[in-house]
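Working through the structure, step by step
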Amino acid sequence: MNAYSDLRVEPITVQKPRSVPKQRLSPGKPARYGILLGPALLLLYWTVLSVTGWLDPRILPAPWTAITTAIELIREGRLQENLAISTWRAMTGLGFGVIVGVTLALLSGLSLLGGYVIDGLVQIKRGIPILALIPFMILWLGIGETMKITLIATAVFFPVYINTHNALRAIDLRHVELAETVRLTRWQFLRSVVVPGSLPGFLTGLRFGVTASWLALVVVEQLNATSGIGYMVTLARNYAQTDVMLVGLVLYALLGFGSDAIVKQLERGLLSWRKTLGR
Amino acid sequence: MTISAVQVRGLVRTFTLKGVLNGIDLDIAPGEFVALLGRSGSGKSTLLRALAEIDHEAEGSGEIRLPERLSVIFQDARLLPWMRVLDNVLLGVPGREARVRGRSALAEVGLAGRERAWPHELSGGEQQRVALARALVREPKLLLADEPFGALDALTRIQMHALLRRLSDVHDPAVLLVTHDIDEAILLADRIVMLDDGRLAADLPVDLPASGIARRERIAELRALLHRLLGVEEAPADYHEDTTPPEPAALGRAI
Ligand SMILES: Nc1ncnc2c1ncn2[C@@H]1O[C@H](COP(=O)(O)OP(=O)(O)OP(=O)(O)O)[C@@H](O)[C@H]1O
Ligand SMILES: [Mg+2]
């Protein structure tokens, strides 16, 4: 035996083994559907108010009224039809906004001349709220679908452009040096450094863009629409059908929530290489 | 006379209002391992960046002749965080057969089986070994390294020394290693040059006897000389006494 064998060893209480130590400064590992907790609580609150009769149904109908009305609207076919049209508008506007935003961000982020021309213009235009453009848009494009989609696309363009452009400007100089020393071609450099490096910024922009598209959708559908969720709500307001109005509101909420979730999922898939707190 | 791998003549580099390199002449023979010492701010990185042709912000003149194939290792591993380890190694190397070479380069630095890891999943030393593999897979005739082990702990550094020396014996590129560690320079290099005041102030061959007392005495002598040239107090004598590196075979499992 060794020299320590005759030492009297005090008994040590062995702590229970912990599988994974907690990170003290991060909120901890998120539960799978934890994001639904807040909405669930709100729903509960609303239900309680309705059941107890504190909430006048003429002000805000009960949740189950919304559901029965929705079922009725689906049976009549009005809900699907209007929902499809609204979704189509938002998605088309989003598509155009993203394409134009990314293209211009690339042009102004990667070439000096592009930067002078485009970025200057965008910064000026940025000072004007989108809604202030509506009169001009109507004057130029009429009140049809073209105007609606253009306005949505414009609203989407800004967050996409600004975030992508910032990300391109913030590409790590050390990575550029590396690309030079391994002699990447311009195309290889774009593909392996610029695009993945600015992807997080673009995705942030996309998330804001998606939100902006729904926001703009609500506004344009209040303007002389003959179809869409907004139209359905406007019509219902004229007849004081609060339940239909409520269904419209819930639809907007679900659409916004759902599309944001899709972008988040996209982020998770594309940025799996990142090590961050909230995942 | 042999043809040099690197030939630098009259190299001058200045930053706005500040001269840094003031006429550098340097030759490095093929396969020669040269360590570049110098005080902080003496222009070591500036010289290396001039050779690597990434010193766009500096002005200057002079003539530089370099081999076509050269690799650079930085102080940080500089891996692209969005690429898996093997793709980082093969950055800019085209072709399917390259993947085979990439794998064997990773195996050479003791990282076989980690091809599909993300950079952030590796330790600092492992990341720097990936950077070494990325440099080697290009089969360089010249390897430029700017304090590649500066950010590593002492033990890892010793292991990296052994690895670098073994790999540079196998692949035989000319090497220019910037370091501020005198012992590292003595241990690794065939020749030590020192930058001072914009010029190469010393150029010493490292001619160590194979082993025994003579080797230790020569090491002590060189160390004392280099300390004097750098104008710093010498470290205690027992520091780094034996400069025999650990067996490379142990490296595969290290860390
Ligand atoms: N981009 C730059 N702009 C202006 N001055 C610079 C720049 N890069 C380096 N210098 C100056 O040039 C001098 C030499 O810098 P260099 O980085 O080559 O030193 P070094 O020998 O590598 O030092 P260290 O051992 O601390 O890394 C320093 O005085 C530094 O301030
Ligand atoms: Mg330096």
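Residues numbered from 1 in each chain as written. Chains lettered and ligands numbered in written order. Predicted model: local features only at pLDDT ≥ 70, side-chain atom pairs only at ≥ 80, totals over all residues. Heavy atoms only, no water.

Focus: the overall build of chain B
The helix and strand inventory of chain B stands at seven helices and nine strands. Scaling as 2.2 N^0.38, a compact globule of 255 residues should have a C-alpha radius of gyration of about 18 Å, and chain B matches this with 18 Å. For chain B, the C-alpha atoms occupy an extent of roughly 45 × 45 × 35 Å along the three principal directions. Of all 255 residues assigned to chain B, the portion counted as buried reaches 50%. (Helix = DSSP H or I, 4+ residues; strand = E, 2+ residues; numbered from the N terminus. Rg over C-alpha atoms; globule rule 2.2 N^0.38 Å. Buried < 20%, exposed > 50% of the residue type's maximum accessible area, 1.4 Å probe, protein only.)

A closer look at the overall build of chain A
Across its full length, chain A carries ten helices and zero strands. Going through the 279 residues of chain A one by one, you find that 39% of them count as buried. By sequence separation, contacts in chain A at least 24 residues apart represent 72% of the contacts at least 6 residues apart. For chain A, the exposed surface amounts to about 17900 Å²; the carbon and sulfur share of it is 68%. (Contact = heavy atoms within 4.5 Å. Areas by Shrake-Rupley, 256 points an atom, 1.4 Å probe, with all protein chains shown as cover.)

Examining the UniProt feature "domain: ABC transporter" (unreviewed entry) in chain B
In this structure's numbering, the residues bearing the UniProt feature "domain: ABC transporter" (unreviewed entry) are residues 6–222 of chain B. When the span residues 6–222 of chain B is considered, its composition is 34% helix and 28% strand, and the gap between its end C-alpha atoms is 25 Å. (UniProt positions renumbered as here; feature names shortened; annotations may be inferred.)

Focus on the sheet that holds strand β5 (residues 70–73) of chain B
Two orientations exist for strands paired in a sheet by backbone hydrogen bonds: parallel and antiparallel. All names here are of chain B. Spatial strand order, β5-β6-β7-β3-β8-β9: six strands in an open sheet with mixed pairing. Each edge of the open sheet is held by one strand with a lone partner, namely β5 and β9 (199–205). Pairwise comparison of adjacent strand axes, ignoring direction, gives a mean angle of 15 degrees for this sheet. Of the pairings in the sheet, the one linking strand β3 (residues 33–38) to strand β7 (residues 174–178) comprises four bridges and is parallel in character. Within β7, the residue paired with Phe-33 across the bridge is Val-175. Against the sheet, helix α7 (residues 212–230) touches β3, β8 (191–196) and β9, its axis set at about 175 degrees to β9. (Pairing = 2+ DSSP bridges. Axes fitted to C-alpha atoms, helices over the stretch in contact; angles between N-to-C directions.)

Topic: the packing of helix α6 (residues 145–169) of chain A against helix α8 (residues 186–222) of chain A
All names here are of chain A. Axis separation between α6 and α8 bottoms out at 7 Å; the angle between their running directions is 155 degrees. Regarding the angle of α6 to α8, the classification is roughly antiparallel. Between α6 and α8 the crossing geometry is right-handed. Its residues placed into classes, the contact of α6 with α8 shows 16 nonpolar, eight polar and one charged. (Parallel < 35°, antiparallel > 145°, perpendicular 65-115°, else oblique. Left-handed = near helix turned anticlockwise from the far one by under 90°. Nonpolar A, V, L, I, M, F, W, Y, C, P; charged D, E, K, R; others polar.)

Side note on the packing of helix α2 (residues 63–76) of chain A against helix α10 (residues 242–270) of chain A
Residue and element names in this part refer to chain A. Viewed as axis vectors pointing N to C, α2 and α10 meet at an angle of 85 degrees, and their least axial separation amounts to 9 Å. When the axis of α2 is compared with that of α10, the two are roughly perpendicular. Contacts from Thr-65, Ala-66, Thr-69, Ala-70 and Leu-73 in α2 reach Asp-243, Val-244, Leu-246 and Val-247 in α10. In terms of residue class, the contact of α2 with α10 is built from six nonpolar, two polar and one charged.

Quick notes on unusual backbone geometry
Residue and element names in this part refer to chain B. The backbone phi angle of Glu-53 is positive, close to 60 degrees, even though this residue is not glycine. Positionally, Glu-53 belongs in the loop between α1 (44–51) and β4 (59–65). In this model, Glu-147 sits at a positive phi of 40 degrees, which is unusual for a non-glycine residue. Assignment of secondary structure puts Glu-147 in the loop between β6 (142–146) and α5 (154–171).

Quick notes on the UniProt feature "domain: ABC transmembrane type-1" (unreviewed entry) in chain A
Here the UniProt-annotated "domain: ABC transmembrane type-1" (unreviewed entry) positions come out as residues 83–263 of chain A. Its end C-alpha atoms 20 Å apart, residues 83–263 of chain A is made of 85% helix and 0% strand.

Observations regarding α6(A)
In this model, α6(A) (25 residues) spans 35 Å end to end at C-alpha, consistent with the 36 Å of a helix rising 1.5 Å per residue. By the criterion of burial, α6(A) is predominantly enclosed, with 19 of the 25 residues buried. (Expected span 1.5 Å × (residues − 1).)

Here we look at the UniProt feature "transmembrane region" (unreviewed entry) in chain A
Sites flagged by UniProt as "transmembrane region" (unreviewed entry) map to residues 33–55, 94–118, 127–143, 149–168, 189–208 and 245–263 of chain A. Strand forms 0% of residues 245–263 of chain A and helix 100%; the C-alpha atoms that close the span are 27 Å apart.

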